[in-house]
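Coordinates in review
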Amino acid sequence: MMTRTIPIRNIYYLLLYAWMCLDEGQLVDVSGIESTNLADLFTRVLCTGTRHLLRRGLDRGYLTKEEDTSCLRGRIDVTSSLKRLLFLKASACCRFDELSHDVLHNQILRSTLHHLSRVSTLDPSLRAESLRLVRELHEVKEIRLNRLAFRRLQLHRNNRFYDFLMKVCELVQRNLLVDERTGAYRFRDFVRDEQEMAALFESFVFNFLRLEQATFRVSSDHIAWDASSEDEEAMSFLPLMRTDISLRSPDRTVVIDTKYYKETLQTHFGKMSVHSGHLYQICAYLRNLEQHGGADARADGILLYPAVSQRLDLRYRIQGHAVRVCTLDLAQEWEMIRRDLLDLISVA
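Residue numbers restart at each chain and count upward from 1, following the sequence in its written direction. In keeping with the predicted nature of the model, local features appear solely for residues at pLDDT of at least 70, side-chain atom pairs appear and are counted solely at 80 or more, and the whole-chain, interface and lining totals rest on all residues. Each side-chain value is derived from all of the structure's non-hydrogen atoms; neither hydrogens nor water enter the calculation.

Some points on helix H12 (residues 334-346)
Here H12 contains 13 residues, and its C-alpha end-to-end distance of 19 Å stays within 8% of the 18 Å for a straight helix at 1.5 Å per residue. Categorising residues by exposure relies on relative accessible area from a 1.4 Å probe, with only protein chains included: less than 20% of the type maximum marks a residue as buried, more than 50% marks it as exposed, and the intermediate range marks it as partly exposed. Where helices and strands are cited, they refer to DSSP runs of H or I of at least four residues and of E of at least two residues respectively, numbered from the N terminus. For H12, the full list of buried residues reads Trp-334, Ile-337, Asp-340, Leu-341, Leu-344 and Ile-345. All buried residues of H12 project into a common sector of 125 degrees when viewed along the axis, lining one side. For H12, the exposed residues lying more than 90 degrees away from the buried face are Glu-335 and Ser-346. The secondary structure elements touched by the buried residues of H12 are helix H1 (8-19), helix H9 (194-212), strand S9 (245-249), strand S10 (252-258), strand S13 (300-306) and strand S15 (321-328). Multiplying one less than the number of residues by 1.5 Å gives the expected span of a helix. Of all possible arcs, the one meant is that of the directions from the helix axis to the C-beta atoms. What makes two residues a contact is simply this: any of their non-hydrogen atoms within 4.5 Å.

Written out as structure tokens, the structure is:
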């Protein structure tokens with residue numbers, strides 16, 4: 001378990017960079033939030049976002065409707081009208097398209113707000129606000145939230161703000177757990193999930209460096225093995241080497257491997273040391289890059305961990321390559337996180 005607790009406002013910033021939704025996320029001010037409850041955070045985000053949508057007008061889409069009417073409109077369903085003898089009643093079954101707020105992204109938004117209102121630990125004022133917004137979305141029906149619903153979403157540039165809200169809704173859907181006995185919901189603390197946080201940490205660092213600095217081109221590269229074999233088929237069995245983050249400028253290459261572990265260092269017979277597998281991995285990247293020549297031949301490597309009980313900045317020169325093993329304190333103020341990440345790549 002992480003010794004230092006990450007403030008939920010910092011979790012929010014990590015998500016904004018990982019999702020590439022900085023502009024949309026700035027509509028919600030989380031700088032002064034004191035709660036440590038993730039459900040409070042995401043309810044506030046969705047409530048603020050929904051109020052923004054209601055002020056500018058909810059998105060609408062054309063939905064096909066069917067109606068028995070004497071005033072013909074759209075297309076007549078002749079088969080249905082004949083079977084039901086509607087023509088004898090001077091009416092017909094008509095199908096037509098009508099603009100409606102009852103589209104999938106609004107349905108997901110209303111359903112998520114309703115589910116969050118049932119989280120037992122939710123702040124009472126946020127529960128009241130979410131229920132008030134659910135009532136305001138009375139033209140939109142609630143649906144069953146599952147992965148299929150989010151896969152069916154079709155958004156475009158004109159409703160980009162919905163993309164941000166749908167990412168929040170999907171995160172909520174994945175982490176809401178229902179009590180079978182009471183029907184109440186509780187929010188799973190995904191910050192304790194190493195696998196989920198590892199993916200978030202990697203995406204955050206990658207996109208932060210893409211957006212916040214202009215010295216390097218940022219990518220995630222496949223590195224070819226500096227290997228050969230008389231058996232061509234044997235080469236296909238070599239595992240792929242893919243960097244988490246590769247930074248390239250005309251005169252410098254930096255490979256960053258992000259790790260999210262409970263313990264930054266390993267302990268063996270009472271002695272603490274760098275995780276051997278992690279160090280072997282970054283060194284393998286650097287050695288196999290050498291064949292590319294130029295800046296790649298003398299590439300730098302960085303193993304980056306979140307700070308746990310202590311901050312580390314270990315520097316080595318291994319087989320001609322500068323290698324750093326360091327931590328990023330995600331519990332500190334956001335401006336300090338930003339400064340530390342930029343400092344990480346500014347020192348040759």
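That shown, we press on.
Digging into the pairing of strand S11 (residues 265-268)
Pairing between two strands requires that DSSP report at least two bridges joining them. The pairing of S11 with strand S12 (residues 271-274) spans four bridges and is antiparallel. What sits directly across from His-268, in S12, is Lys-271. Between S11 and S12, which pair antiparallel in sequence order, lie two residues; one of them, Phe-269, sits at a positive phi of approximately 55 degrees.

Describing unusual backbone geometry
Look at Met-20: it is not a glycine, yet its phi comes out positive at around 55 degrees. Mapped onto the elements of the fold, Met-20 is located in the loop between H1 and helix H2 (22-25). Of note in this structure, Gln-319 is not a glycine but carries a positive phi near 50 degrees. Relative to the helices and strands, Gln-319 resides in the loop between strand S14 (313-318) and S15.

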